[in-house]
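Results of the structural survey
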Amino acid sequence: MFDKLRRLLVPSRTVTPVAEPAASPRTRTRQHNLFEAAASYVAATADDDQDRMDEASGWVSPEALSFGVSELACRAVIALARERDESPEKVARSLLGLPAA
């Protein structure tokens, strides 16, 4: 019985390995995650550096970059709120120049 299970679960050594496709130029370089892309993109935006913004925006999909920027904004507002001992809403409104709610 165990031999039958083993044959099902353990691949045969006679199977010809499948060749992986050649790496594209993008996969040959270091891959960045969405948080690295978001951090670089936001920092470049703050520095008004269009070249760095373009580079960072090419590291991940637009959706992933948007999520990363949103997550960075949330974390920044929370950190500032704790530092200032204020609510996140008050800090966010203040950063955007909005009147208190």
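Here, the structure is the one placed above.
Let me sum up the structure you'll find in this document. Note that this is a predicted model, so its numbers are computed, not measured.

1. With respect to the overall build of the protein chain
Summing up its helical and strand segments, the protein chain has 6 helices and 0 strands in all. Counting from the amino terminus, helix and strand elements in the protein chain follow one another as α-α-α-α-α-α. Across the protein chain, the fraction of contacts at a sequence separation of at least 24, relative to all contacts at a separation of at least 6, is 41%. On the protein chain, roughly 8400 Å² of surface is accessible, and the fraction owed to carbon and sulfur atoms is 59%.

2. With respect to the pattern of salt bridges
A full pass over the atoms with the stated rule returns 3 salt bridges. D47 is the salt-bridge partner of R52, the closest N and O atoms lying 3.2 Å from each other. A salt bridge links E71 to R75; its shortest N-O distance comes to 3.0 Å. Here E71 pairs with R75, and both are found in helix 5 (residues 62-84), just 4 residues apart, close to one helical turn. Salt bridges sharing partners connect three or more residues here, namely D47, D49 and R52.

3. Topic: the nonpolar core
By size, the foremost hydrophobic cluster in this structure holds 7 residues: A37, A38, A56, W59, V60, A64 and L65. Counting only elements with at least two residues in this core, the list comes to helix 3 (34-46) and helix 5. The residues contacting A37, other than those within four sequence positions of it, are A56, W59, V60 and L65.

4. What to know about helix 3
Between the first and last C-alpha of helix 3 there are 18 Å, a value that for 13 residues agrees with the 18 Å anticipated at 1.5 Å per step. Here helix 3 has its buried residues at A37, A38 and A44. For helix 3, the angular spread of buried residues about the axis comes to 140 degrees, placing them on one side. In this fold, the buried residues of helix 3 make contact with helix 4 (50-57) and helix 5. Structurally, the start of helix 3 carries an N-cap: the backbone nitrogen of F35 is 2.8 Å from a side-chain oxygen of N33. D48 sits one or two residues past helix 3 and shows a positive phi near 55 degrees.

Conventions adopted
Residues numbered from 1 in each chain as written. Predicted model: local features only at pLDDT ≥ 70, side-chain atom pairs only at ≥ 80, totals over all residues. Heavy atoms only, no water. Helix = DSSP H or I, 4+ residues; strand = E, 2+ residues; numbered from the N terminus. Contact = heavy atoms within 4.5 Å. Areas by Shrake-Rupley, 256 points an atom, 1.4 Å probe, with all protein chains shown as cover. Salt bridge = Lys/Arg side-chain N within 4 Å of Asp/Glu carboxyl O. Core = buried A, V, L, I, M, F, W, Y, C linked by side-chain atoms within 4.5 Å. Buried < 20%, exposed > 50% of the residue type's maximum accessible area, 1.4 Å probe, protein only. Expected span 1.5 Å × (residues − 1). Arc of directions from axis to C-beta. Polar contact = N/O pair within 3.5 Å; in protein donor to acceptor, adjacent residues only side chain to side chain.

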